[in-house]
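Chain by chain, the residues:
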Amino acid sequence: MPIIYLDQKDIPTHYYNIIPKLPRPLDPPLHPATKKPLTPDDLAPIFPKALIAQEMSGEEYIEIPEEVRNAYKLYRPSPLVRAERLEKELGTPAKIYYKYEGVSPVGSHKLNTALAQVYYNKQEGVKRIATETGAGQWGSALSFACNYFGLKCKVYMVRISYEQKPYRKSMMKLFGGEIIASPSRDTKCGREFLVADPNTNGSLGMAISEAVEDAVSREDTKYSLGSVLNHVLLHQTIIGQEAMKQMEIAGDYPDIIIGCHGGGSNFAGISFPFLKDKLEGKKKNLRAIAVEPASCASLTKGKYEYDFGDTVGLTPMTMMYTLGHNFKPSPIHAGGLRYHGAASLVSLLLDEKVIEARAYEQKEVFEAAVLFAKNQGIVPAPESAHAIKAAIDEALKCKESGEAKVILFNLSGHGFFDMSAYDNYLDGKL
Ligand SMILES: *Cc1c(COP(=O)(O)O)cnc(C)c1O
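Residues numbered from 1 in each chain as written. Predicted model: local features only at pLDDT ≥ 70, side-chain atom pairs only at ≥ 80, totals over all residues. Heavy atoms only, no water.

Draft legend 1. Here's a closer look at helix α15 (residues 362–376). Here α15 is 15 residues long and its end C-alpha atoms lie 21 Å apart, about the 21 Å a rise of 1.5 Å per residue gives. Once α15 ends, the next one or two residues include G377, with phi positive near 85°. (Helix = DSSP H or I, 4+ residues; strand = E, 2+ residues; numbered from the N terminus. Expected span 1.5 Å × (residues − 1).)

Draft legend 2. Representation of the packing of aromatic side chains within the structure. Taken as a whole and assessed by the stated rule, the structure comprises 14 aromatic pairs. Lying across the ring of Y97, R82 places its NZ or CZ 5.8 Å from the centre. Geometry around Y162 places K169 over its ring, the cationic atom sitting 3.9 Å from the centre. (Phe/Tyr/Trp six-rings, centres within 6.5 Å; stacked < 30°, edge-to-face > 60°. Lys NZ or Arg CZ within 6 Å of the ring centre and 35° of its normal.)

Draft legend 3. How the structure looks around the nonpolar core. Residues Y98, I258, F372, F409 and L411 are the most contacted members of the largest nonpolar core, which totals 38 residues. Taken together, the elements giving at least two residues each to this core come down to α4 (84–90), β5 (95–100), β10 (256–260), β11 (287–293), α15, α16 (382–401), β15 (406–411) and α17 (419–426). Among the elements that take part in this core, α16 stands out by supplying 8 residues, more than any other. Apart from residues lying up to four places away in sequence, L411 is in contact with Y98, K99, Y100, E101, G102, F372, I378, P380, S384 and I388. With 36 residues, the next largest nonpolar core counts I11, V126, A145 and F149 among its residues. (Core = buried A, V, L, I, M, F, W, Y, C linked by side-chain atoms within 4.5 Å. Buried < 20%, exposed > 50% of the residue type's maximum accessible area, 1.4 Å probe, protein only. Contact = heavy atoms within 4.5 Å.)

Draft legend 4. Seen up close, the side chain of S347. The topology assignment puts S347 in helix α14 (residues 344–351). At 3.1 Å, the side chain of S347 and the backbone nitrogen of Y321 are in polar contact. Among all residues touching S347, those that are not within four sequence positions of it are Y304, M319, M320, Y321 and A342. (Polar contact = N/O pair within 3.5 Å; in protein donor to acceptor, adjacent residues only side chain to side chain.)

Draft legend 5. Looking closely at the packing of helix α12 (residues 265–279) against α14. Here α12 crosses α14 at 55°, and the two axes come no closer than 11 Å. Here α14 runs oblique to α12, going by the angle between their axes. As α12 packs across α14, the resulting crossing turns out to be left-handed. Across the interface between the two elements, F267, F272 and L275 of α12 pack against L345, V346 and L349 of α14. Residue composition of the contact of α12 with α14, grouped by class: 6 nonpolar, no polar and no charged. (Axes fitted to C-alpha atoms, helices over the stretch in contact; angles between N-to-C directions. Parallel < 35°, antiparallel > 145°, perpendicular 65-115°, else oblique. Left-handed = near helix turned anticlockwise from the far one by under 90°. Nonpolar A, V, L, I, M, F, W, Y, C, P; charged D, E, K, R; others polar.)

Draft legend 6. Highlighting the sheet that holds strand β4 (residues 80–82). Overall, mixed pairing links the 7 strands, which are arranged β1-β4-β5-β15-β10-β11-β14 in an open sheet. The two strands at the open ends of the sheet, each matched to only one other strand, are β1 (3–4) and β14 (356–360). Against the sheet, α15 touches β4, β5, β14 and β15, its axis set at about 95° to β14. Relative to the sheet, α16 contacts β5, β10, β11, β14 and β15, its axis offset from that of β10 by approximately 150°. (Pairing = 2+ DSSP bridges.)

Draft legend 7. View of the packing of α15 against α16. One way to put it is that α15 packs onto α16 with a least axis distance of 8 Å and a crossing angle of 85°. Our classification of the angle between α15 and α16 gives roughly perpendicular. Listed contacts from α16 to E364, V365, F366, A368, A369, L371 and F372 of α15 are P382, A385, H386, I388, K389 and I392. For the contact of α15 with α16, the residue count by class is 10 nonpolar, 1 polar and 2 charged.

Draft legend 8. Focus on the site of the ligand. Neighbouring the ligand are 19 residues; K110, S227, G262, S265 and S412 lie closest to it. G262 has a polar backbone atom sitting 2.7 Å from an oxygen atom of the ligand. Contact distances for the ligand include 2.7 Å between an oxygen atom and a side-chain N or O atom of N266. For the ligand, whose accessible area on its own is 380 Å², the fraction buried by protein is 97%. For the shell around the ligand, the elements supplying multiple residues, two or more each, are α12 and α16. (Near = heavy atom within 4 Å. Areas by Shrake-Rupley, 256 points an atom, 1.4 Å probe, with all protein chains shown as cover.)

Draft legend 9. View of the environment of I4. Looking at the secondary structure, you find I4 in strand β1. For the pair I4 and G336, spaced 332 residues apart in the sequence, the C-alpha separation amounts to 28 Å. Residues within four places of I4 in sequence aside, it is in contact with P79, L80, Q246, I249 and A250.

Draft legend 10. Representation of the confidence of the model for the chain in the model. For the chain, per-residue confidence averages 96 on the pLDDT scale, and residues scoring 70 or more make up 100% of the total. β10 holds the highest mean pLDDT among the elements of the chain, 99, whereas helix α7 (residues 159–164) holds the lowest, 89. (pLDDT = per-residue confidence, 0-100.)

Draft legend 11. Quick peek at unusual backbone geometry. Backbone torsion omega between R76 and P77 reads -5°, so that peptide bond is classified as cis. Looking at the element boundaries, P77 is found in the loop between α3 (66–72) and β4. Cis geometry is found at the peptide bond from S182 to P183, where omega equals 5°. As for its position among the elements, P183 is in the loop between β8 (178–182) and α9 (188–196). The phi dihedral of K35 falls on the positive side, at around 60°, and the residue is not glycine. Judged by its relative accessible area of 43%, K35 falls in the partly exposed class. Located in the positive-phi region is V228, a residue other than glycine, with phi close to 70°. Among the structural elements, V228 can be located in the loop between β9 (221–223) and α11 (230–250).

This is the structure:
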């Protein structure tokens, strides 16, 4: 049974919140100006109250609103697949499973949180949402979700991606989003970035600064972030909860869970529901590995300290593994993994050695992606290919040791908008 499907009635009814099970409490986020612990009121101009409450919630399970569960029915539950061809190709005794989030209308896991966030904004009367996007995955998800619930959407897209990824842009427009290259002339900080360097490529940090400024300067608008924050990771736990049911049907439980890591949301999504078992002492040997690019290695090379989420310093400071908010990542193809920081939740679990992290070079990642595509028929997003590379390495270790471990990884999205990156790889230009 290589593919395990669930019924729509099996779509999770609750989000799983790992906060109450953490080995120690999270360090509080700090106000960017006063450096004092943040209060819910500080966040009110940016986020709706329901999401602020989720950000700080101590409840282990938070009910998913009916309207959001109905929206998930457009594409969920997502399939869990046993990668039998890949196992054979590698000659490994390990069993490799992947959860495929590329079945979502926008092609990645990001819609899981976009639909929830837009719903809660709508409930509180918000009419318009501003956000940033790097490679365009998040911008497409939020544009689609805003259109679904009848809100307006403004996307500040990192300039270099705006120029290099025309089809993500088309997709956002098609879903009704308004999109502009960042830095732009639409915001004060955008104009300042342009004065400082008229030819700048832009960065995720700059685009976040613009979107936050947009949101705080307008009564009808709030801001939305596609990763990093506790509530975003929370929404993604539907991935892991579904995977748990599917693994049960398969008669297996993972020894190793793997996700690529940009801001931490898909890694958290697949792993947190399982890590509950580890934190409760039921699965002490369970390993979870977050995989990042060597050129933007916040978890493996960063410092564990308070830092801003954006370049200007408009966002709260959170405790995380970070390369510094002024870090300028090189333009690798896995645009979704080009972020200087990491989620507080993932950072704390890494600091406590509950999880592991590792980094790979771009070329070996594409090599793994092509091997996977040839055997399983799916062209993975370059981001997701980082998880594939780690899964293959772990399977090859099993081949050496003769252990039949169970490996589960999250295939966070497909790479159909990244074909020029694959062309570069195949032409030997990486
Ligand atoms: C955005 C994105 C990522 C990285 O973001 P996380 O929050 O770390 O999950 C990974 N894979 C895909 C396909 C993405 O679009």
